[in-house]
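The primary structure of each chain is shown beneath.
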Amino acid sequence: MNTKLNRSDYIVIAVVYAVTTIFNCIDYYQNGNDLIEYLVDIPASIILSLLIILAFMYWLIPNYIVKEKKYVQFVVFGLVLMCVLGIIDYMAGFWSGNNDWSEFPKWYDLLLISFFRLSDDAGFVFGILLAKKFYEGQAQFFNVQKQQKENELKLLRSQIDPHFLFNNLNTLDALIDSDTAKAKEYINRLSLIYRYLIKTKDAEVMELSSEIELAENYVFLIQTRFGDDYNFQIQNNTTFRDKFIPTGSIQALLENVVKHNKAQQNSNIEATIQIDEDWLTVVNTKSKISSNQESFGTGLENLRTRYNLLSDQDVQIINTESEFKVSIPIIKLSNES
């Protein structure tokens, strides 16, 4: 906790002292106190209690709590300070009240009276100040935590881009000579995907509809590149309104299919994107031959990490001998309470 007082702290202190001064003046008036008691008691109480607050905030807490963790010394010095300044405060009030000095309390009674007298004056202001500092510290902590989370998400998102063009240049090079029309379509789809990646590079989540469009373009690239080796289908069982998923997550799942499965003779890889109310699932048949194709996606671990930062639900993976199934939660952002 930052114990240094800022401008708003001093404003709070001034307001509290102003209110307590008014109440003290009303109390003195009702009790018929002399003018000198107004002029001595109230200012002395304010000055001495303020000195205690400053001593705690700038000396005791920073040196004996924050830095050194010397709690015994903190308590001892705090009590001594309270007693000394409390005695001064009591003596000022005793004098201004024109009391008989022969009736001045014994030292042990004086210590108790002085401690409780000034602790009452300073304790209320000090409590408000500490509460304000605590909640400001909590707000600052959550802001730092949020910024750290955003930085982590941006770092994870940045892992999508580096190999994007690299994995498709050879395919495009071959198409230019063999099928010019398809090469143009390939370039068009590739530019749409790359434009989407640039547009969403800082976005943590995107609309499900936009992600499905990205998936359709990406499936075109895969099927153009590998022919009939992979067969993708999209099954939509819900509406896309107010539904979001982490940016590029479908791309990561589709890319995972290609990365870990290679079609065998007379047996292609069947993959389905199932979109339900709360989950998006990509399920694919498995082959015994793994693909050696390099991935440009985030990977499942990356996707899991992103969900840990964005949601309280986890990615679900079911891996059997014949198929591989990954389900990711759909994030709903609605104005309904």
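A brief report on the enclosed structure follows.

Here we take up helix α7 (residues 208-226). It helps to recall that an α-helix has 3.6 residues per turn; residues three or four apart then point in one direction. For α7, which comprises 19 residues, the first-to-last C-alpha distance of 26 Å matches the rise-based estimate of 27 Å (1.5 Å per residue) to within 8%. Within α7, 14 of the 19 residues are buried, which leaves the element mostly enclosed by the surrounding structure.

This part covers a nonpolar patch on the surface. Among the surface-exposed residues, Ile11, Val15, Val19, Ile22, Phe23 and Ile26 lie close enough to one another that they form a single nonpolar patch of about 540 Å² accessible area. Relative accessible area serves as the criterion here: at 51%, Ile22 is assigned to the exposed category.

Interaxial distance between helix α2 (residues 35-67) and helix α3 (residues 71-96) falls to 10 Å at its minimum, and their mutual angle equals 170°. Taken together, the axis directions place α2 and α3 in an arrangement best described as roughly antiparallel.

With that settled, the discussion passes to the sheet that holds strand β5 (residues 279-285). With mixed pairing, five strands are arranged side by side in an open sheet as β2-β4-β5-β7-β6. Strands with a single pairing partner mark the edges of an open sheet, and in this sheet they are β2 (230-236) and β6 (316-319). Taken over all neighbouring pairs, the strand axes of this sheet differ in orientation by 10° on average, direction set aside. Running at roughly 10° to β5, helix α8 (residues 249-260) makes contact with β2, β4 (269-275), β5 and β7 (323-329) of the sheet. Against the sheet, helix α9 (residues 299-310) contacts β6 and β7, and its axis sits at roughly 25° relative to β7.

Quick look at the sheet that holds strand β8 (residues 331-332) now. Ordered in space as β1-β3-β8, the three strands form an open sheet in which the pairing is antiparallel. Two strands bound the open sheet, and with one partner strand each, they are β1 (205-207) and β8. Pairing between strand β3 (residues 243-246) and β8: two bridges, direction antiparallel. Counterpart to Lys243 in the pairing with β8 is Lys332. Docked against the sheet, α9 engages β1, β3 and β8, running at close to 130° with respect to β3.

Spanning 26 residues, α3 covers 37 Å between terminal C-alpha atoms, matching the ideal 38 Å at 1.5 Å per step. Two residues or fewer past α3, Asn98 is found with a positive phi of approximately 55°.

A few words on unusual backbone geometry. Not every positive phi belongs to a glycine, and Asn98 is a case in point at roughly 55°. On the secondary structure map, Asn98 appears in the loop between α3 and α4 (107-157). Among the residues examined, Asn98 registers a relative accessible area of 68% and is labelled exposed. Positive phi, close to 60°, is recorded for Asp242, a residue that is not glycine. Along the chain, Asp242 turns up in the loop between β2 and β3. Judged by its relative accessible area of 35%, Asp242 falls in the partly exposed class.

Turning to the pairing of β4, a few remarks are in order. Most of β4 sits inside the fold, with five of its seven residues counted as buried. Note that β2 and β4 share seven bridges and pair parallel. Each residue of the ladder has a partner; that of Tyr230, found in β4, is Ile269. Between β4 and β5, which follow one another and run antiparallel, lie three residues.

Moving on: the packing of aromatic side chains. Between two aromatic rings, the relevant description is the distance of the centres plus the angle of the planes. This model, assessed by the stated rule, comprises 16 aromatic pairs. Seen from their ring centres, Phe226 and Tyr230 are 5.3 Å apart, and the 70° between their planes marks the pair as edge-to-face. Tyr230 matches Phe226 in its accessibility class, with the two residues each being buried. Feature note: the residues Tyr90, Phe94, Trp101 and Phe104 constitute an aromatic cluster, connected by ring pairs.

Moving on, we come to the pattern of salt bridges. In total, this model carries nine salt bridges according to the counting rule given. In this structure, Lys132 engages Glu136 in a salt bridge whose closest nitrogen and oxygen atoms are separated by 2.6 Å. Of the two residues, Lys132 and Glu136 are both situated in helix α4; the distance of four residues between them amounts to about one turn of the helix. The class of Glu136 is partly exposed, set by a relative accessible area of 33%. Between Asp278 and Lys332 there is a salt bridge whose closest N-O contact spans 2.7 Å. With a gap of 54 residues between them, Asp278 in the loop between β4 and β5 and Lys332 in strand β8 connect regions that are remote in the sequence. Of the residues examined, Asp278 reaches a relative accessible area of 38% and is grouped as partly exposed. Judged by its relative accessible area of 39%, Lys332 falls in the partly exposed class. Within this structure, Asp9, Lys132, Lys133 and Glu136 form a network of salt bridges that share partners.

Moving residue by residue along a regular strand, the side chains alternate between the two faces of the sheet. Taken together, the four bridges between β6 and β7 define a ladder with antiparallel strand orientation. Its bridge partner being in β7, Gln316 is matched across the sheet by Ser327. Taking the residues that link successive antiparallel strands as the turn, the β6-β7 hairpin has three residues.

Rules behind the numbers
Residues numbered from 1 in each chain as written. Predicted model: local features only at pLDDT ≥ 70, side-chain atom pairs only at ≥ 80, totals over all residues. Heavy atoms only, no water. Helix = DSSP H or I, 4+ residues; strand = E, 2+ residues; numbered from the N terminus. Expected span 1.5 Å × (residues − 1). Buried < 20%, exposed > 50% of the residue type's maximum accessible area, 1.4 Å probe, protein only. Patch = residues over 30% accessible without salt bridge, like charges linked within 9 Å, V, L, I, M, F, W, Y side chains within 5 Å. Areas by Shrake-Rupley, 256 points an atom, 1.4 Å probe, with all protein chains shown as cover. Salt bridge = Lys/Arg side-chain N within 4 Å of Asp/Glu carboxyl O. Axes fitted to C-alpha atoms, helices over the stretch in contact; angles between N-to-C directions. Parallel < 35°, antiparallel > 145°, perpendicular 65-115°, else oblique. Pairing = 2+ DSSP bridges. Contact = heavy atoms within 4.5 Å. Phe/Tyr/Trp six-rings, centres within 6.5 Å; stacked < 30°, edge-to-face > 60°.

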